[in-house]
Amino acid sequence: MQFFANRDPPASALISSYGKHDIVWMSNGPEWRQLRKIFVRKLMSSSSLNAGYGLRRQEVREIVREVYKQVGLPINIGEQIFLTILNVVMNMLWGGSLQGEDRKNVGVEFRQVVGEIVEMIGKPNISDFFPVLARFDLQGIKSNTKKLVSWFDRIFDSVIALRMDVDVDDKSEAKKENKESNKDFLQFLLELKNQGDSKTSLSMTQIKGLLLDTVLGGTDTTSTTLEWAMAEILKNPEIIRKVQEELDEVVGNDSIVEESHIPKLHYLNTVLKETLRLHPAVPLLVPHCPSQSCTVAGYTIPEGSRIFVNVWAMQRDPKAWENPLEFQPERFLKEPGKCDYQGNNFQYLPFGSGRRVCAGISLAEKLVAYVLATLLHSFDWKLPEGVKLDLSDKFGIILKKSEPLVAIPTARLSTPELYN
Ligand code: HEM
């Protein structure tokens, strides 16, 4: 329903969206359509995703090398996965990634700042419920969010300044040609800013809004989903056996997983669907806001209300799902077409539905499956001695595990060269 395509950002999100100059929080209208079109066409089209495979592959090989170095030791899986996803996202945005010591040190700081911003956006804020109190910022949510966003702002300023410097210095034909074929998202956005007409031009604020959307929307969601998937798999030895059997059949244990294998990994794909059913990364979606009063199932929804769609509860509803609390990937094998990620079935909406459906589904689907397949194909996993698996969650706009998942990897491929 198009009435529901609006947003009503809380005070914290007004800051993290540079004043609604981004895709996630901007109201439905021509400016939002333009930003979303740029994002989807430039970053999420099949040709862009195919062109970016080399970079994703490089980062996935890096996590394999990192984990291999720590075989036999307990590792924080969510942290490792976050660093990989962050590098993939940064590569797409401005062609940079964190390597060596920075991968760990700066990457961990990034994770902390992303986590804190997400926490500020999800935290109930008195200023949102009683606008007369907004200027007092009683819980310090606005001032905290400002501090966190300025951390990102400094990074964006420095990559943008560097890019502009390079542009001024370097106008040679060869370099221009090279740049044309390797244009990353930032380059494309800066060109739109400089060359676009009044309809297509972008402001610097919108550019930063798009960068922050991609970092915030793309990293914590995907890495949290992967951490849940690994936790559910570790709890169910029969599931890990089936996934590895399929991997050995499709990939073989003298070879490495490639993204082209993913469509053939039917069982693994159902494991991901089931993970997103029980642990939807964004359990209440991003709040919607009807642009006019309307009636839904006999209830009047007044214009301007803030609507939370509880997909967490819908995806556990016993009227819609058999044994809803059990992790049973097979349920998706019975009717493979029944639940897609586009929100066509209202019992299953992990990415939302309609106009404001997640703009990053095509990347999320590829990346999550590729990382999970690689981790389970390259390693066996077990919990440290005496540790009990904890599957409780922590409320927030992103539904995270309350305790980080720590597990011990063992190598399972035929030769050490496959870990290079
Ligand atoms: C498993 C991973 C992911 C999940 C579960 C997820 C889920 C969601 C959900 C539920 C929404 C809100 C939909 C609504 O309000 O109806 C959303 C919006 C959005 N997501 Fe994702 N997401 C994921 C990954 C990504 C990635 C990788 C990116 C980009 C790199 C991304 C970018 C966005 C953007 C830009 C929006 C705002 C769309 C709009 O308001 O028009 N997401 N996502």
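Before reading further, recall that the structure is shown in the block above.
Here the structure is a predicted model, which is why all the values come from computation and not from measurement. (Residues numbered from 1 in each chain as written. Predicted model: local features only at pLDDT ≥ 70, side-chain atom pairs only at ≥ 80, totals over all residues. Heavy atoms only, no water.)

Trainee: Please explain the side chain of Arg-277 as it appears in this structure.
Mentor: Along the polypeptide, Arg-277 turns up in helix H13 (residues 266-278). With a relative accessible area of 0%, Arg-277 lands in the buried category. A distance of 2.7 Å separates a polar side-chain atom of Arg-277 from the backbone oxygen of Gln-315. Of the polar contacts made by the side chain of Arg-277, one reaches the backbone oxygen of Glu-326; its length is 3.1 Å. (Helix = DSSP H or I, 4+ residues; strand = E, 2+ residues; numbered from the N terminus. Buried < 20%, exposed > 50% of the residue type's maximum accessible area, 1.4 Å probe, protein only. Polar contact = N/O pair within 3.5 Å; in protein donor to acceptor, adjacent residues only side chain to side chain.)

Trainee: Looking at this structure, how should I read the pattern of salt bridges?
Mentor: It is possible for side chains bearing opposite charge to pair when their charged atoms get close. With the rule as written, the count across this model stands at 17 salt bridges. For Lys-104, the salt bridge identified is with Glu-79, shortest N-O distance 2.9 Å. In this pair, Lys-104 is assigned in helix H6 (residues 100-122) and Glu-79 in helix H5 (residues 77-94), connecting sequence segments 25 residues apart. For Lys-104, a relative accessible area of 44% gives the class partly exposed. Given a relative accessible area of 18%, Glu-79 falls into the buried group. Notably, a salt bridge pairs Lys-208 with Asp-153, separated by 3.2 Å at the nearest N-O pair. (Salt bridge = Lys/Arg side-chain N within 4 Å of Asp/Glu carboxyl O.)

Trainee: Explain the nonpolar core to me, please; I cannot follow it from the model alone.
Mentor: Across soluble globular proteins, nonpolar side chains have a tendency to be buried as a group. Core analysis: the largest hydrophobic core is formed by 111 residues, its most contacted members being Phe-110, Phe-152, Leu-372, Leu-376 and Trp-381. Ignoring any residue separated from it by four or fewer positions in sequence, one finds Trp-381 in contact with Val-67, Ile-75, Ile-77, Met-230, Leu-234, Leu-375, Leu-376, Ala-407, Ile-408 and Pro-409. (Core = buried A, V, L, I, M, F, W, Y, C linked by side-chain atoms within 4.5 Å. Contact = heavy atoms within 4.5 Å.)

Trainee: Would you mind showing me how to read the site of the ligand here?
Mentor: Around the ligand there are 28 residues in total, and Arg-7, Arg-36, His-288, Arg-356 and Cys-358 lie nearest to it. Between the ligand and the protein, one listed contact pairs an oxygen atom with a backbone N or O atom of Val-286 at 3.4 Å. Between the ligand and the protein, one listed contact pairs an oxygen atom with a side-chain N or O atom of His-288 at 2.8 Å. Elements with a minimum of two residues in the shell around the ligand: helix H2 (30-43) and helix H11 (204-235). Sort the elements by how many residues they give to the shell around the ligand and H11 lands first, with six residues. (Near = heavy atom within 4 Å.)

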